[in-house]
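Examination of the molecular architecture
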Amino acid sequence: MPESPAGLRVVVAGDRAGAAYAHTLSGHVAVHPRVGSLVQVGLGEETPPYPDIAFAAAQLFADRHAERALLICHTGLGMAVAANKVRSVRAVTAHDPLSVEHAVTHNDAQVLCLGAGVVGLALARELTGQWLNHTFDPASRAAAKVAVITAHEQRSASAERPAPVTGRPRPARPASEETRHAH
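The model shown is predicted, which means the values in this text are computed figures rather than measured ones. (Residues numbered from 1 in each chain as written. Predicted model: local features only at pLDDT ≥ 70, side-chain atom pairs only at ≥ 80, totals over all residues. Heavy atoms only, no water.)

**As for the pairing of strand β5 (residues 111-115)**
To keep it simple, the criterion reads: Burial classes: relative accessible area under 20% of the type maximum marks a residue as buried, over 50% as exposed, and values in between as partly exposed (1.4 Å probe, protein chains only). Helix and strand definitions here come from DSSP, where helices need a minimum of 4 consecutive H or I residues and strands a minimum of 2 consecutive E residues; each element is numbered from the N-terminal end. Whether two strands pair comes down to DSSP finding at least two bridges between them. The path from the first strand over the helix to the second decides the hand: if it runs clockwise while the strands point away from the viewer, the crossover is right-handed.
Taking burial as the measure, the five residues of β5 include five buried ones, the bulk of the element. Along β5, one buried face is formed by Val-111, Cys-113 and Gly-115 and the opposite face, lined by Leu-112 and Leu-114, is buried too. Bridge count for strand β3 (residues 68-73) against β5 is five bridges, and the pairing is parallel. Bridge pairing in β5 places Ile-72 opposite Leu-114. Where strand β4 (residues 91-93) meets β5, three bridges bridge the pair, whose relative direction is parallel. Its bridge partner lying in β5, Val-92 is registered against Leu-112. A crossover links β4 with its parallel partner β5, the connecting element being helix α4 (residues 97-105), and its sense is right-handed.

Okay, here's the thing in structure tokens:
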């Protein structure tokens, strides 16, 4: 989705484990030069379970109310798994600058999931700033790979079976005596 003329519309969300980071990073996101507006999800007194927060934030993206979403939980993994269940969302967990860059520039990931229990707040600020600075180039070599992912998602959504993977299937190895009796 192209950036809004008024700047990026960004969702920041956090569960119980990520709420403190989400509040702090919201301030960082709000003053970023590319950001035009900010919406917070799950940061009230009663914090819903992380899947509900991730679904709500990702749905704002899918419904074109936001161009990006920053989701924070303990590891970033649960939020990413849940957000990826929303059609058209590409959510990643990234805890280093190279992964953040490639998530956007090579995979067109719009949702960044961070783990408050994995990265320090200073690194989370740095990664968030870098994530907001990067853009996906639809004319890049990576765009063809992203198009394959998008086409698969659309086929899956319309209940079509994806084309079979070509190659020779490998027979499964029989279990050894040791593994058969290990249980």
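**Regarding the environment of Pro-48**
The topology assignment puts Pro-48 in the loop between β2 (35-41) and α2 (50-62). Residues Pro-48 and Gly-14, spaced 34 residues apart in sequence, show a C-alpha to C-alpha distance of 9.4 Å.

**Quick word on unusual backbone geometry**
Here Ser-88, not a glycine, exhibits a phi torsion of approximately 80 degrees, which is positive. Counting through the fold element by element, Ser-88 comes out in the loop between α3 (77-83) and β4. In the Ramachandran plot, Asp-108 falls in the positive-phi region, its phi being about 50 degrees despite a non-glycine side chain. When you line up the elements, Asp-108 lands in the loop between α4 and β5.

**Points about the state of the cysteines**
Operational definition: Disulfide assignment relies on a single distance test, namely cysteine sulfur atoms paired within 2.5 Å.
Here the structure, examined in full by the defined rule, presents zero disulfides. In this structure Cys-73 is a free cysteine whose sulfur lies 7.0 Å from that of Cys-113, the closest cysteine sulfur available. The buried category is assigned to Cys-113, whose relative accessible area is 0%.

**Points about the packing of α4 against helix α5 (residues 121-133)**
Selection criterion: Every angle, taken between N-to-C directions, lies between 0 and 180 degrees, and every axis is a line fitted to C-alpha atoms, over only the stretch in contact when it is a helix. By definition in this entry, angles of less than 35 degrees are roughly parallel, angles greater than 145 are roughly antiparallel, angles of 65 to 115 are roughly perpendicular, and the rest are oblique. Handedness of each helix crossing follows the sense of rotation of the near helix against the far helix: counterclockwise by less than a right angle gives left-handed, clockwise gives right-handed. Note on contacts: a residue pair is in contact if any heavy atoms of the two residues lie within 4.5 Å. When residues are sorted by character, Ala, Val, Leu, Ile, Met, Phe, Trp, Tyr, Cys and Pro go into the nonpolar class, Asp, Glu, Lys and Arg into the charged class, and all the rest, Gly among them, into the polar class.
For the pair α4 and α5, the least separation of the axes is 9 Å and the interaxial angle reads 25 degrees. By the criterion of interaxial angle, the relationship of α4 to α5 is roughly parallel. Between α4 and α5 lies a crossing whose hand is right-handed. Residue-level inspection shows Pro-97, Val-100 and Val-104 of α4 in contact with α5, the latter providing Glu-126, Leu-127, Gln-130 and Trp-131. Residues that form the contact of α4 with α5 fall into these classes: five nonpolar, one polar and one charged.

**With respect to the packing of aromatic side chains**
Stated precisely, the cut-off is as follows: Between the rings of Phe, Tyr and Trp (Trp by its six-membered ring), a pair exists once the centres lie within 6.5 Å; its type follows the angle of the planes, with under 30 degrees stacked, over 60 edge-to-face, and the other angles tilted. Counted as over-ring charges are cases with an Arg CZ or a Lys NZ within 6 Å of the ring centre that also lie within 35 degrees of the ring normal.
Enumeration over the complete set of coordinates arrives at zero aromatic pairs. Over the aromatic face of Trp-131 sits the side chain of Arg-68, whose NZ or CZ is 5.3 Å from the ring centroid.

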